[in-house]
Amino acid sequence: MAALRLIARRFLQLAIVLLLVTFFTFSLVRLLPGDPAKTIIPFGSDQQRAALAKDLGLDKPFLQQYVNYLGIPVIKSEGTTGLLQGNLGRKYATNQPVGELIKQSLPVSIQLVIYAQLVALALAIPLGVLTAYRAGTRTDRAVNTTAFGFLALPNFVLALLLSYVIGARLKWLPTAGYEPGWLDPLFDSARTPSVEHLKYMVLPVIALAVGQVAIYMRLLRSDMIATLQENFITMAKAKGVPNRRILFRHALRPSSLTLLTVAGLNVGTLIGGAIVVEVIFGIPGMGTQIATAIAAREYVELQSYIFVLAFIFVLINFAVDFCYILLDPRIRRARADA
Amino acid sequence: MPEPTPDAVPPVGADGNRDLDRYAEGSLEPGLVVAQANLYVSAVESGGEGRRRVGRGLGVGAWLAIGWLAFIVIVAVLAQLGVLPLKDPNRSYVACARRGPFSTDGTASGFLLGCDSNGRDMIARLAYGSWSSLIVATGAVLFGLVFGGTFGLIAGYFGRRTDAVITSLFNVFLAIPAVVLALALVAFLAGAAASTGQSSVDPKLILILAIGIVSIPLLGRITRASALSWSQREFVLAARAQGAKPVRIMLREVLPNVLPAMFSIALLGIAVAIVAEGTLSILGVGVRPPTPSWGNIIGLDRGRLKESPHIIFLPALMIFFTVLSLNFLGDVVRARLDVRESAV
């Protein structure tokens, strides 16, 4: 019961944050000085501008425009559709609905981020456990120093380095391009997954994951060191439980809560990193779309992309919080009482 | 080992569940865990148990980092003043175009590090580029510190409803991934400048604003947390009891104690901002050419990666060493000033 109330409260917070985010993206376009239609599509014809002014309802008062943008039933203007009806606006140069563009590009980016997150965790967890177990030794110092170095390597530099050495010089993997993977058909039935997909994803994923490995590893290491000093670990050692079992069974779980939270929040960083990595490797995901939209000054399109990414990011944060509540009964109780 | 001050938290190893407990109390938002986690890590790393040996000199690493940063800053300033015997960074020498460093075939004599695809001297580009990169990064962080710091100080000092409002505003901005927000701001600010006919606005200023705005909630939250803990101390209570005005207490009593935390975060912030400028440049909205910056040297000739990798990797090295130095110094300063998570 208490947990339910808590979840309801988080939901309310979620809704408020989303509302403010939409208001922000909405204002960005409206607050541009001068004639909005002219600013939003500076290269458009008069006809396109008229269409835009009609689409955006620019003759209406500011708040009514916002209501229409959200598409709140009853109080929105007759005959308009907004976000709630799934209307994400149009790309004015080609007149394509932005929703369609997102359907094609979003799965590409989601796959990239998921791979990067999995690779980062798969590398960081063993390294974190190892360095915590060997804290203060030469191994620990070597791994930590390397991690510190990689932290200073921006992902675009790593992406270019990989693209040059592995792609252009050694020719082991393609330097650019994309083939659909397992997620693409779910969004766009015209696409079929290809085995080649993975080949194209290796370098971008490494470029995106390596910086995260360093963060996650250092984090897990410090939490593990704390856990390894707990009494139940001493107890397990005294009972003669093998080291590997102590480390991965007894110590890893209580040490991983912070790591999971950070991994969730870090999705924001990954989304940002994915944008530049996609552009460098010529992957047709959201990042490439955003870069093109900016170059073409497609502000309505851009506004929708920002909204979609923020929406996903807020949902992930919510999910992480939710998991936290489920995982730890103490939080469940305390938060509900507050 | 120095005697811990009354408010000093126990070292990390002592109680691994502390942050969880604070989370349970509701005083720790998940977003905060990230910042805290980073501080944790360096606290553990720098002193084994979160406490650094005080009184020792700086290590070799710190001096190398200081040396590199000093070198970069001096080169940037002198190049900008025109004191250094550099070539014009925007002049093309056709014979030298795309030549690599240390060419021996005579086409690029006098160009130690070669030229970019337009035949512009790499040394001059890098030196002038340092100025753009550093001024944008430092400006953005200063902007973020002034505004984020003010909001954070107010939120931390007054607490309650003021705090709730400011913190949730920060959260809204943190709900948009930083790079996406920066991109949007640059695009919209540039659009606004163009449509009002103010193309005379220095594009660097737009970048400073955009990256600065993105950094407000990040720097603000850290200031807020630090201010929150200091505002509950006795000397603040004493000042309040004597009838001092809130503004005075904030500036004279709280701020000086919050500054160390802000300073160490500022070093890391500049590193992040340098990378941000690079990212934006690659996406085509960084420092506007022909003015060079480390980022846009890479961005402009990204397509030449295969034939002339030096154009890409020389500025990349500059970014790497600078970010490495700033990260390292940030850690050292944090350990020295004993900022640790008590500030978060």
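Residues numbered from 1 in each chain as written. Chains lettered and ligands numbered in written order. Predicted model: local features only at pLDDT ≥ 70, side-chain atom pairs only at ≥ 80, totals over all residues. Heavy atoms only, no water.

## Topic: the overall build of chain B
Then comes step 1: The helix and strand inventory of chain B stands at eleven helices and zero strands.
Then comes step 2: Reading chain B from its N end, one meets helices and strands in the order α-α-α-α-α-α-α-α-α-α-α.
Then comes step 3: A separation of at least 24 residues holds for 70% of the contacts in chain B among residues at least 6 apart in sequence.
Then comes step 4: Just so you have it, chain B exposes about 15000 Å², and 64% of that area is on carbon and sulfur atoms. (Helix = DSSP H or I, 4+ residues; strand = E, 2+ residues; numbered from the N terminus. Contact = heavy atoms within 4.5 Å. Areas by Shrake-Rupley, 256 points an atom, 1.4 Å probe, with all protein chains shown as cover.)

## Thoughts on the packing of aromatic side chains
Residue and element names in this part refer to chain B.
Then comes step 1: Tallied over the full model, the rule gives 16 aromatic pairs over all chains.
Then comes step 2: For the ring pair Phe143 and Phe147, a centre distance of 4.7 Å and an interplane angle of 40° mean the geometry is tilted. Taken together, the residues span about one helical turn, with Phe143 and Phe147 both in helix H4 (residues 122-158) at a distance of four residues. (Phe/Tyr/Trp six-rings, centres within 6.5 Å; stacked < 30°, edge-to-face > 60°.)

## Considerations on the pattern of salt bridges
Then comes step 1: On inspection of all chains with the given rule, the structure shows seven salt bridges over all chains.
Then comes step 2: Glu196 of chain A is paired through a salt bridge with Lys199 of chain A; the nearest N and O atoms lie 3.4 Å apart. Of this pair, Glu196 of chain A and Lys199 of chain A both sit in helix H9 (residues 196-227), separated by three residues, roughly a single helical turn.
Then comes step 3: Judged by relative accessible area, which is 36%, Glu196 of chain A ranks as partly exposed.
Then comes step 4: Exposure remark for Lys199 of chain A: the relative accessible area of 37% places this residue in the partly exposed category.
Then comes step 5: Between Arg304 of chain B and Glu307 of chain B there is a salt bridge whose closest N-O contact spans 3.7 Å.
Then comes step 6: Here Arg304 of chain B falls in the partly exposed class, since its relative accessible area comes to 30%. (Salt bridge = Lys/Arg side-chain N within 4 Å of Asp/Glu carboxyl O. Buried < 20%, exposed > 50% of the residue type's maximum accessible area, 1.4 Å probe, protein only.)

## Points about the packing of helix H5 (residues 98-133) of chain A against helix H11 (residues 243-255) of chain A
All names here are of chain A.
Then comes step 1: Between H5 and H11, the shortest axis-to-axis distance is 11 Å and the interhelical angle comes to 115°. Considered as vectors, H5 and H11 are oriented roughly perpendicular to each other. Read as a crossing pair, H5 and H11 show a hand that is right-handed. Packed against H5, whose contacting residues are Ile125, Val129 and Tyr133, the element H11 presents Asn243, Leu247, Phe248 and Leu252 at the interface.
Then comes step 2: Residue composition of the contact of H5 with H11, by class: six nonpolar, one polar and no charged. (Axes fitted to C-alpha atoms, helices over the stretch in contact; angles between N-to-C directions. Parallel < 35°, antiparallel > 145°, perpendicular 65-115°, else oblique. Left-handed = near helix turned anticlockwise from the far one by under 90°. Nonpolar A, V, L, I, M, F, W, Y, C, P; charged D, E, K, R; others polar.)

## Describing a nonpolar patch on the surface
Then comes step 1: On the surface, a cluster of nonpolar side chains totalling about 390 Å² of accessible area is made up of Leu161, Val165, Leu170 and Trp172 of chain A.
Then comes step 2: When you line up the elements, Leu161 of chain A lands in helix H7 (residues 155-169). (Patch = residues over 30% accessible without salt bridge, like charges linked within 9 Å, V, L, I, M, F, W, Y side chains within 5 Å.)

## Quick word on the nonpolar core
Then comes step 1: Ranked by internal contacts, the top residues of the largest apolar core, which has 168 residues, are Phe156 and Leu302 of chain A.
Then comes step 2: Beyond its immediate sequence surroundings of up to four residues, Phe156 of chain A is in contact with Val276 and Ile280 of chain A together with Val275, Gly278, Thr279, Ile282, Ile298 and Ile319 of chain B. (Core = buried A, V, L, I, M, F, W, Y, C linked by side-chain atoms within 4.5 Å.)

## Quick look at the confidence of the model for chain B
Residues and elements named next belong to chain B.
Then comes step 1: On average, residues of chain B score 77 in pLDDT, and 77% of them are at 70 or above.
Then comes step 2: The lowest-confidence element of chain B is helix H2 (residues 30-47), averaging 40 in pLDDT; the highest-confidence one is H4, averaging 91.
Then comes step 3: pLDDT under 50 marks residues 1-54. Its contacts with residues more than four places away, or in other chains, come to 102 contacts.
Then comes step 4: Interface scoring of the predicted complex returns ipTM 0.84; its pTM is 0.83. (pLDDT = per-residue confidence, 0-100.)

## Here we look at the environment of Arg160 of chain B
Then comes step 1: Structurally, the position occupied by Arg160 of chain B is in helix H5 (residues 160-174).
Then comes step 2: Each C-alpha atom of the pair Arg160 of chain B and Leu113 of chain B lies 58 Å from the other, and the pair is 47 residues apart in sequence.

## Things to note about the environment of Ser194 of chain A
Then comes step 1: For Ser194 of chain A, the location among the structural elements is in the loop between helix H8 (184-187) and H9.
Then comes step 2: Separated by 14 residues in the primary sequence, Ser194 of chain A and Pro180 of chain A have C-alpha atoms spaced 5.9 Å apart.

## Looking at H5 of chain B
Then comes step 1: Its 15 residues place the ends of H5 of chain B 21 Å apart at the C-alpha level, agreeing with the 21 Å of an ideal helix rising 1.5 Å per residue.
Then comes step 2: Those residues of H5 of chain B not exposed but buried are Asp163, Ile166, Thr167, Phe170 and Val172 of chain B. (Expected span 1.5 Å × (residues − 1).)

## Quick word on the side chain of Asn296 of chain B
All names here are of chain B.
Then comes step 1: By secondary structure assignment, the location of Asn296 is in helix H10 (residues 294-300).
Then comes step 2: What makes Asn296 buried here is its relative accessible area of 3%.
Then comes step 3: At 2.8 Å, the side chain of Asn296 forms a polar contact with the backbone oxygen of Thr291.
Then comes step 4: If sequence neighbours within four positions are ignored, Asn296 has contacts with Glu277, Ser281, Val287, Arg288, Pro289 and Thr291. (Polar contact = N/O pair within 3.5 Å; in protein donor to acceptor, adjacent residues only side chain to side chain.)

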